[in-house]
Amino acid sequence: MNPVIELLQSHRSIRKFKPEPVAEEMIRSIVAAAQCASTSNFVQAYSIIRVKDPAVRKQIAELAGPQPWVEACPLFLVFCADLNRSELACRMNDREMVQGYTEQFIIATVDVALAAQNTMIAAESLGLGGVYIGGIRNNPQKICDLLRIPDHVYPVFGMCLGYPNDDPQRKPRLPLEAVLKTDRYTDGEDAARIGAYDQVCREYYIKRDGSARDDTWTQQISEMMGKAQRPHMKGFVQGKGFDLK
Ligand SMILES: Cc1cc2nc3c(=O)[nH]c(=O)nc-3n(C[C@H](O)[C@H](O)[C@H](O)COP(=O)(O)O)c2cc1C
């Protein structure tokens, strides 16, 4: 296996960090690598806010959960879908941006996710570890107030990064056959495959160091999908000028 694939297959989220800071040069290399991700129509519709202020970090950690690793990690980034800059590009060319299309919302959200995953991989390749923080969408308006995020920009998730002070086991993924389909969408064998995967996950959770529990994948997903998820998000993104038509 080549080293890139080995790195990708060794990913696990890290939530405990050594206090050692991440060197400025390293942060710049990581963000430069993030910027090399593919981007829809070259729009580069994202901004990354590095949160250094300890008081702001503390508030974000509370709003996101609480999730104490947000406060404790050496490097915390907030990834924003950003059409503010596109609007500027239009103004610089005496054009008016046609706004509010769901398609633009998808473009900006996909762009920021691609840049974020490049960030994670670049960081891991340098010996760092990290975890995404979707918890910032618990109260996205407060996050916008804290970080002065304007209209046409919305915070999608945060990311904690730093040198790992933990060595968790990798979480098993779905069987490849359940994910990779050929020529047409098929799901006839999914129940059997997912049933077997439930047992793999149960074993993983039982054997897991530190936070063992009896749980399966389908139990987790049915718990999550069986209730409303951040129902404020629709109104929030619409208030920011996204996803209106
Ligand atoms: C968009 C996104 C948001 C996430 N939000 C959180 C979060 O708020 N807190 C957390 O501890 N983990 C969060 N995670 C991490 C997932 O729980 C984790 O990636 C998943 O359980 C798989 O585990 P692994 O990354 O260790 O393989 C998030 C992951 C993604 C992709």
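Residues numbered from 1 in each chain as written. Predicted model: local features only at pLDDT ≥ 70, side-chain atom pairs only at ≥ 80, totals over all residues.

What about the domain arrangement of the protein chain?
Alright, step 1. Domains assigned within the protein chain are domain 1 (3-168) and domain 2 (171-227).
Alright, step 2. Here the C-alpha centre of domain 2 lies 27 Å away from the C-alpha centre of domain 1. (Domains from an automatic or database assignment.)

Some details on the packing of helix α3 (residues 54-63) against helix α7 (residues 140-147)
Alright, step 1. Direction vectors running N to C along α3 and α7 enclose 175°, while the axes themselves pass 10 Å from each other. Classified by the angle between their axes, α3 and α7 sit roughly antiparallel to one another. Where α3 abuts α7, its residues V56, Q59, I60 and L63 lie against K142, I143 and L146.
Alright, step 2. Tallied by class, the residues present in the contact of α3 with α7 amount to five nonpolar, one polar and one charged. (Axes fitted to C-alpha atoms, helices over the stretch in contact; angles between N-to-C directions. Helix = DSSP H or I, 4+ residues; strand = E, 2+ residues; numbered from the N terminus. Parallel < 35°, antiparallel > 145°, perpendicular 65-115°, else oblique. Contact = placed C-beta atoms within 7 Å. Nonpolar A, V, L, I, M, F, W, Y, C, P; charged D, E, K, R; others polar.)

Let's talk about the sheet that holds strand β4 (residues 153-162)
Alright, step 1. With antiparallel pairing, the four strands of this open sheet are ordered in space as β1-β2-β4-β3. With one partner strand each, in any of the chains shown, β1 (46-50) and β3 (129-133) form the two edges of the open sheet. Across the sheet, the mean angle from the axis of one strand to that of its neighbour is 25°, orientation sign disregarded.
Alright, step 2. Sheet topology places β3 next to β4; five bridges connect them, and they run antiparallel. Along β4, the bridge assignment pairs Y132 with M159.
Alright, step 3. Across the sheet, helix α6 (residues 102-125) is in contact with β1, β2 (75-82), β3 and β4; its angle to β2 comes to roughly 155°. (Pairing = 2+ DSSP bridges.)

Considering the site of the ligand
Alright, step 1. Surrounding the ligand, one finds H11, R12, S13, R15, Q67, V131, Y132, I133, G134, G135, F157 and K171.
Alright, step 2. A per-class count over the shell around the ligand returns four nonpolar, five polar and three charged. (Near = placed C-beta within 6 Å.)

Let's talk about α7
Every α-helix carries 3.6 residues per turn, so stepping three or four residues along brings you back to the same face.
Alright, step 1. Buried within α7 we find P140, I143 and L146. Down the axis of α7, the buried set is contained in an arc of 120°. They therefore lie on one face.
Alright, step 2. On its buried face, α7 sits against α3, β4 and α11 (233-239).
Alright, step 3. Residue R148 follows α7 closely and has a positive phi angle near 55°. (Buried ≥ 20, exposed ≤ 12 C-beta atoms within 10 Å, placed from the backbone. Arc of directions from axis to C-beta.)

Examining unusual backbone geometry
Alright, step 1. Between G65 and P66 the backbone carries a cis peptide bond, its omega angle lying at 15°.
Alright, step 2. Within the element layout of this structure, P66 appears in the loop between α3 and α4 (68-72).
Alright, step 3. Notably, R230 is not glycine yet its phi reads approximately 40°, a positive angle.
Alright, step 4. Inspection of the secondary structure assignment puts R230 in the loop between α10 (217-225) and α11.
Alright, step 5. Even without a glycine there, the phi angle at D243 is positive, about 60°.
Alright, step 6. Mapped onto the elements, D243 comes out in the segment after α11.

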